[in-house]
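Letter by letter, the chains look like this.
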Amino acid sequence: MEIKKGIAVSPGVAICPAMVLDVEDHKIPRRTVPRADLPLQHARLDEALGRARQEIDKLRKSVESDHGRELAAIFGFHLAMLSDKALLDTIHKMIDDEAVTAEYALSIVMRKYAQTFMAQTNEVFRERVADIYDVEKRVLHELVEDVQADLKTLDREAIIVTHDLTPSQTASLDKVHIRGLLTNVGGRTSHTAIVARAMGIPAVVGLEDITSVVSNTDQLIVDGNRGLVIINPDPDQLDEYRATLERIRVHRAELIDLRELPAETSDGVVVKLQANIEFADEIAPALEQGAEGIGLYRTEYLFLSTETDPDEQSQYEAFKAAIEALGGKPMTIRTLDLGADKYTQRQARVPEANPFLGCRSIRFCLQNLTMFKTHLNAILRASAHGPIRVMFPLISNMLELRQARMILNDVMEDLEERKVPFDRNVPVGMMVEVPSAALMSKAFATEVDFFSIGTNDLVQYTLAVDRSNEHVANLYSPAHPAVLALIKDVIRSAKRHDVDVSCCGEMAGEIEYVMLLIGMGLRTISMTPAAIPEIKRVIRAVSIKDCERVARRVASYDSERQVINYLREETRKVAPEVFDGRAIV
Ligand code: PEP
Ligand code: MG
């Protein structure tokens, strides 16, 4: 049994065997195993070798029939390698001598083997090195279940253990079989974390070396509330966590009873609770949690898992399906926020040195007008089917906003000319997620219909802290007085100009911040759907007067520690069962 501590990013508990994904570059970490497990390692190696041989043989036959014997000969060399007794004995011996995993012994021995070929003066030998790596990779895939490409359809329940996942990989995870997610890297608002929360799977990130410590099929407990992972737990821990799982189930069932009730403060002020989504199929579960609409639809996810960009018709159909699923409830569609950590396959081929400060989001759209116009066409056509708003992300200067609006107008005119139905009065707004936009919110308020404060990026850019870097996660805090001052300014500017304002950053779904956000004047917040019942519970327990008092007090603090401690105290006072429910494990 071993316990690892990371960053808790998605609550809940999972008890299940691990599935360790192929690590970067096939660098297999050294991991020793108890002597008693050595026979298992030998068996795993033999089975993997057997499967690899079968595959290569199949490949050899098909290449031979399609392209002739000469080309197929290369696979003969691969097969010979996998039957080379001296080579295989060396791997088995290393497992015994060093008590290490089969994958580690295989990768070390094969690499040494490749080096001996590399050292030869004869060119023919040196050309074989690539083949050796190819064979190594093939057997490793058999040993460490290279399921990166196949995360959509797993054949067993599993807690995924991996270095990192791209947002698109996370989005395409097999929802039926994945019980938990553990990564070496990441932070609370990294997109992997956001998607894990949206899927309701417990997740812990920033574990640094979890891929080296856990091996495939190890039994794990993931404690997504405390950020703990227990590897091969003892029977007492298993009993304890099974009891916790049951308590969480009861707690959630109690909260869901609030679904039909309004998010109304004790003095009768109603706060609108909306949901953030990445895909249209998240709408039905969001409504079940009590969402009164969608405050943020991250449309870029439509682009992340396809090799080519989706065309106008498929985008239109996705938006239309979302509108129909909402049955008249409003939806804010954010235009493409690609770039930074959300690359399309095409963008990924030309990585930027500083992607979070690079050509991301609205900047990327303004440089790729054909793609942007296709996207806007699809959104506007969908607007004929229900109440939507269009929101531009990452606006950092006035020119960008005006350009984006101009292009939207062009697209509208074109649709009018072609007599395609759409909503001419669709509200147009912007994310406020860059400090320059927050500081200029007075000016922006005269040019938009609404603001949505994106605290995930606002914190990152205000505090110069990468939102997905576990090494600086302790510095990443929405409670920082500088961030709060910006939020306050934005709300004030919006109110003065009668512009609708909401918050859709992850902060909006964290119970500690509810009183503060309401006290600062927000009446609409949008969050990960699973957080809605808890947030509603807190709102129903407070008065506006309480919230304003909290906001005033917070404004007098000069450190995020003071702010967060105070907010936790106040939240616990008004809604102890929610607070303790969170800390249930
Ligand atoms: C934000 O930055 O707060 C936000 C909601 O957008 P995203 O998390 O998609 O960057
Ligand atoms: Mg953002």
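Being a predicted model, the structure only gives us computed values, none of them experimental.

*Asks:* Sorry, what's going on with the overall build of the chain here?
*Replies:* Within the chain, the secondary structure is distributed over 26 helices and 16 strands. Expected size for 585 residues packed as a compact globule is a radius of gyration near 25 Å; at 27 Å, the chain falls within 12% of this value. Based on the C-alpha atoms only, the size of the chain along its principal axes is roughly 80 × 65 × 40 Å. Relative to its full complement of 585 residues, the chain shows a buried share of 55%. In the chain, once contacts between residues fewer than 6 apart in sequence are set aside, the share between residues at least 24 apart is 69%. With 70 positive and 88 negative side-chain charges, the chain shows a separation of 4 Å between the mean positions of the two kinds.

*Asks:* Is there a simple way to explain the side chain of Asp337 in this structure?
*Replies:* Secondary-structure assignment places Asp337 in the loop between strand 11 (331–334) and helix 14 (345–348). Within the structure, the side chain of Asp337 is placed 3.3 Å from the side chain of Arg334, a separation counted as a polar contact.

*Asks:* For this particular structure, what's the right way to read the pattern of salt bridges?
*Replies:* A side chain with one charge can pair with a side chain of the opposite charge if their charged atoms come near. Per the counting criterion, the structure on display carries 35 salt bridges. With a closest N to O distance of 2.8 Å, Glu157 and Arg179 form a salt bridge. Taken as a pair, Glu157 in the loop between helix 6 (129–144) and strand 4 (158–162) and Arg179 in strand 5 (residues 178–183) lie far apart in primary sequence, 22 residues in all. Taking the shortest distance from any N to any O, the salt bridge between Arg363 and Glu400 comes out at 3.9 Å. In this pair, Arg363 is assigned in helix 15 (residues 361–367) and Glu400 in helix 17 (residues 398–417), connecting sequence segments 37 residues apart. Look at the salt bridges and you will find they share partners, linking Glu300, Arg334, Asp337, Lys342, Arg360, Asp457 and Arg467 into a network.

*Asks:* Just to check I follow, could you spell out empty space enclosed by the protein for this structure?
*Replies:* Where empty space is left in the structure can be found by rolling a water-sized probe over the atoms. Per the stated rule, a full pass over the model turns up 3 cavities of 30 Å³ or more. Its boundaries defined by the atoms lining it, the second largest cavity holds a volume of some 80 Å³. What lines the second largest cavity is a set of 15 residues, among which Arg298, Arg334, Met431, Glu433 and Asn456 lie closest to the centre. Elements supplying a minimum of two residues to the lining of the second largest cavity: strand 10 (294–298) and helix 20 (455–463). Top contributing element to the lining of the second largest cavity by residue count: helix 20, with 3 residues. Classifying every residue of the lining of the second largest cavity by side-chain character gives 3 nonpolar, 5 polar and 7 charged.

*Asks:* What exactly am I supposed to notice about helix 17 here?
*Replies:* Every α-helix winds through 3.6 residues per turn, so residues three or four apart in the chain are directed the same way. Under the 1.5 Å per step criterion, the end-to-end length of helix 17 is 29 Å for 20 residues, consistent within 8% with the ideal 28 Å. Tucked into the core, helix 17 has its buried residues touching helix 15, helix 16 (369–382), strand 12 (388–392), strand 13 (428–432) and helix 19 (441–445). At the N-terminal end of helix 17, a side-chain oxygen is found 3.0 Å from the backbone nitrogen of Leu399, two or three residues along, and the residue is Asn397. Within two residues after helix 17, Lys419 carries a phi angle of roughly 55°, on the positive side.

*Asks:* Just checking my understanding: could you explain the layout of surface pockets for this structure?
*Replies:* Reported here for the second largest pocket is a volume of approximately 490 Å³. As for the second largest pocket, its lining consists of 23 residues, and the residues nearest its centre are Gln41, Arg44, Ser215, Asn216 and Thr217. Those elements that provide at least two residues to the lining of the second largest pocket are helix 1 (38–67) and helix 6. Sorting elements by how many residues they give to the lining of the second largest pocket places helix 1 first, with 5 residues. Split into classes, the residues belonging to the lining of the second largest pocket amount to 7 nonpolar, 6 polar and 10 charged. Two domains share the lining of the second largest pocket, each providing at least three of its residues, namely domain 1 (2–27 + 151–245) and domain 2 (35–149).

*Asks:* Just checking my understanding: could you explain the coordination of the magnesium ion (ligand 2) for this structure?
*Replies:* Reference geometry at the metal: tetrahedral coordination by four donors gives ideal angles of 109.5 degrees; octahedral coordination by six donors gives 90 or 180 degrees. All of the protein donors around the magnesium ion (ligand 2) are Glu433 (OE) and Asp457 (OD); their distances to the metal are 2.0 to 2.1 Å. With Glu433 in the loop between strand 13 and helix 18 (435–439) and Asp457 in helix 20, the pair connects residues that are 24 residues apart, well separated along the chain. As far as the burial class goes, Glu433 and Asp457 line up, both buried.

*Asks:* Looking at this structure, how should I read the packing of helix 3 (residues 85–98) against helix 4 (residues 102–118)?
*Replies:* In helix packing, the relevant descriptors are the interaxial angle and the interaxial distance, both defined with respect to the helix axes. Closest axis-to-axis distance for the helix 3/helix 4 pair is 9 Å, and the angle between their directions is 135°. Put simply, helix 3 runs oblique to helix 4. Crossing hand, helix 3 versus helix 4: right-handed. Every residue of helix 4 that contacts helix 3 at Leu87, Thr90, Ile91, Met94 and Ile95 is listed here: Ala102, Tyr104, Ala105, Leu106, Ile108, Val109, Met110 and Tyr113. Residues belonging to the contact of helix 3 with helix 4 are distributed by class as follows: 12 nonpolar, 1 polar and no charged.

*Asks:* What exactly am I supposed to notice about the environment of Ala158 here?
*Replies:* Here Ala158 is to be found in strand 4. The exposure class assigned to Ala158 is buried, which follows from its relative accessible area of 0%. Ala158 sits 49 residues away from Val109 along the chain, and the two C-alpha atoms are 30 Å apart. The contact partners of Ala158, leaving out residues within four places of it in the chain, are Cys16, Pro17, Met19, His177, Ile178, Arg179 and Gly180.

Cut-off values and rules
- Residues numbered from 1 in each chain as written.
- Chains lettered and ligands numbered in written order.
- Predicted model: local features only at pLDDT ≥ 70, side-chain atom pairs only at ≥ 80, totals over all residues.
- Heavy atoms only, no water.
- Helix = DSSP H or I, 4+ residues; strand = E, 2+ residues; numbered from the N terminus.
- Rg over C-alpha atoms; globule rule 2.2 N^0.38 Å.
- Buried < 20%, exposed > 50% of the residue type's maximum accessible area, 1.4 Å probe, protein only.
- Contact = heavy atoms within 4.5 Å.
- Lys, Arg positive; Asp, Glu negative; His and termini not counted.
- Charge placed at Lys NZ, Arg CZ, Asp CG, Glu CD.
- Polar contact = N/O pair within 3.5 Å; in protein donor to acceptor, adjacent residues only side chain to side chain.
- Salt bridge = Lys/Arg side-chain N within 4 Å of Asp/Glu carboxyl O.
- 1 Å grid on protein atoms, 1.4 Å probe; cavity = no way out; pocket = protein on both sides within 12 Å on 5 of 7 lines; lining within 4 Å.
- Points joined across faces, edges and corners; volume = space filled by probe spheres on them.
- Nonpolar A, V, L, I, M, F, W, Y, C, P; charged D, E, K, R; others polar.
- Expected span 1.5 Å × (residues − 1).
- Domains from an automatic or database assignment.
- Donors = N, O, S within 2.8 Å, 3.2 Å for Na, K, Ca; no water.
- Axes fitted to C-alpha atoms, helices over the stretch in contact; angles between N-to-C directions.
- Parallel < 35°, antiparallel > 145°, perpendicular 65-115°, else oblique.
- Left-handed = near helix turned anticlockwise from the far one by under 90°.

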